[in-house]
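Working through the structure, step by step
Spelled out from the first residue to the last, the chains are:
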Amino acid sequence: MGFKSFALGILLRVAILVALIFLGTTIFLRDHSYLMGAVFLLAIGLQTYNLIRFGNTTNRKITKFLESIRFADFSSSFTKDSNLGPSFREMNMSFNEVIEAFRKTRAEKEEQMLFLQIMIQHINTGIISFDHSGRIGVINGTAKQLLQIPQFKDINDLGKLSKELLVKILHLRPGGSFSIKINPELHLNIQSAAFKMGGNSWTLLSFQNIKTELQKNELQAWQNLTKVLRHEIMNSMTPIASLANSLGIILEEDVSEEQGGFVIEKDSYSDLMDGLNTIEKRSAGLIHFVNAYRDYTNIPQPELKNFSVKALFDNIGVLLKEDLAHVGICLNCEIQPQDLQLTADPELIQMILINLIKNAKEALGKSEHKEIIVRAGLTSHSYPFIQVIDYGEGIVPEAVERIFVPFYTTKKTGSGIGLSISRQIMNLHKGSLQVQSVPNEKTIFTLNFG
């Protein structure tokens, strides 16, 4: 209607309505014409409707704006009624700015989603997500290639590949991981994470075939073991061979045959006895080494039981009390919570702790702070752990990564398999044994369970 402002439009419509009411009433009272009264009544009704509709312009605009946001329809534009005044023009501009901001945000989200989908499909790690009902959300090409399951729509379809795999995944806690050998060509390492989206709980699984990596590590382990075996055997056999040759020369040159038997000089006899004693000691050392190797390769499978950590610590304290007190070392045990329970083989875990405490005792030989702390608790993910802490000489950085290698030792005496066996026992418990050390300050060995 070409009005210059919304207020002027309202005033004009009210004036027309009042004029129609006044004129209609006047004519009806003067002429008593019901026909004219009906005409004016209809005109008043139409004008009232026009006034109400014009007054609802703002409501319709706001409703249109909210529906655009609700249905993500950002193609709307608010410019048609800018001639109703500055306030409508400012409101239209604000609506258009908000719509444009939403449009840009949605475009950015779509770009990010597209990038994420492309990245998920191109990484070398298999990715699968599923909700609480087992419905598959996301699965990338690597996961399909690894699992080789046709029509993979539900997590229970993993049972087609391996029932054991499905059971372990369904019982896997968020943040947990495990490895499983499916067949000679497929050895999977699986990690889990949890998140919420759209009001539903989702689980995200990552799959990696670690067969090649395991083969590399296995080959490297055998090479390292071969080096150790060769070194130890050569250390024993070389002097034995040399001594045997020397003793043979003594017998050949210094032993003479006389009537009634053989005669040997006193000095040669002494050299012969020393050589035989040396051969005996080196042979005993080689036998000890072989026995240590046998112990390392024959660790029994853990017999899992649920037991109290406090009872475990009390037992260790009784076993080592006299030994530690003799050298002035104080053993302190800390448990939080006090009723902490472990599901493990108590005998094997006790063996690990005794070994670690004895190592700590040796490390405290020259330390003034003669204290060993055995601490147990729960991690941030509610997994139990046990730590053995000492303030002795520590471990130099070069040796930290090697102390778990079989037969490697930094001590003059010892087989070098104690820590190797301890770590292997923790691996059998699906746990880990780790070390942190600052030389001459603090060393912490941590047993992680779960």
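The structure under discussion appears in the preceding block.
To start, this report covers the structure provided alongside it. (Residues numbered from 1 in each chain as written. Predicted model: local features only at pLDDT ≥ 70, side-chain atom pairs only at ≥ 80, totals over all residues. Heavy atoms only, no water.)

Across its full length, the protein chain holds 12 helices and 14 strands. Residues classed as buried in the protein chain amount to 34% of the 450 residues present. Across the protein chain, every contact between residues at least 6 apart in sequence was considered, and the portion connecting residues at least 24 apart equals 56%. (Helix = DSSP H or I, 4+ residues; strand = E, 2+ residues; numbered from the N terminus. Buried < 20%, exposed > 50% of the residue type's maximum accessible area, 1.4 Å probe, protein only. Contact = heavy atoms within 4.5 Å.)

Turning our attention to the side chain of H429. Its location among the elements puts H429 in the loop between α12 (418-428) and β13 (432-438). Of the polar contacts made by the side chain of H429, one reaches the backbone oxygen of I425; its length is 2.9 Å. Those residues in contact with H429, other than ones at most four positions away along the chain, are P302, L304, A344, D345, L348 and I349. (Polar contact = N/O pair within 3.5 Å; in protein donor to acceptor, adjacent residues only side chain to side chain.)

What follows covers the nonpolar core. F313, I349, L353, I386, F445 and L447 are the most contacted members of the largest nonpolar core, which has 41 residues in total. The biggest single contributor to this core is helix α10 (residues 346-363), with 8 residues. Counting 23 residues, the second-largest nonpolar core is a separate cluster that includes A143, L166, I190 and F207. (Core = buried A, V, L, I, M, F, W, Y, C linked by side-chain atoms within 4.5 Å.)

Attention shifts here to helix α9 (residues 309-326). Side chains three or four residues apart in an α-helix point the same way, a direct result of the helix having 3.6 residues per turn. For α9, which comprises 18 residues, the first-to-last C-alpha distance of 26 Å matches the rise-based estimate of 26 Å (1.5 Å per residue) to within 8%. The largest bend along α9 reaches roughly 55 degrees and is located at L320. Listed as buried for α9 are V309, L312, F313, I316, L320 and L324. The secondary structure elements touched by the buried residues of α9 are β8 (305-308), β9 (330-335), β10 (341-344), α10, β11 (371-378) and β12 (384-390). You can read the cap of α9 off the contacts: a side-chain oxygen lies 3.2 Å from the backbone nitrogen of K310, and it is on S308. (Expected span 1.5 Å × (residues − 1). Bend = angle between axes of the 7 residues up to and from the residue.)

Moving on, we come to the pairing of strand β4 (residues 186-197). Here 6 bridges tie strand β3 (residues 177-183) to β4, and the two strands are oriented antiparallel to one another. Bridge pairing links N183 to L186 in β4. Here β3 folds back onto β4 in antiparallel fashion, the turn holding 2 residues. Bridge count for β4 against strand β5 (residues 200-209) is 10 bridges, and the pairing is antiparallel. Each bridged residue has a counterpart across the sheet, and for A194 the counterpart in β5 is T203. Following β4, the chain reverses through 2 residues before pairing antiparallel with β5; G198 in that reversal takes a positive phi of roughly 60 degrees. (Pairing = 2+ DSSP bridges.)

With that settled, the discussion passes to the pattern of salt bridges. Tallied over the full model, the rule gives 6 salt bridges. Of the charged contacts, one joins R135 and D131 as a salt bridge, the two residues approaching to 3.2 Å between their closest N and O atoms. Where E164 meets K168, a salt bridge forms, and the shortest distance between an N and an O atom there is 3.6 Å. Here the residue E164 and the residue K168 both occupy positions in helix α6 (residues 163-170), the gap between them amounting to 4 residues, near one helical turn. (Salt bridge = Lys/Arg side-chain N within 4 Å of Asp/Glu carboxyl O.)

Moving on: the state of the cysteines. One pass over the structure, following the stated rule, counts 0 disulfides. Looking at C330, it has no disulfide partner, and the nearest cysteine sulfur is the one in C333, 9.4 Å off. On the accessibility criterion, C330 (38% relative accessible area) is partly exposed. The class of C333 is partly exposed, set by a relative accessible area of 41%. (Disulfide = S-S within 2.5 Å.)

These figures come from the coordinates and say nothing about function on their own.
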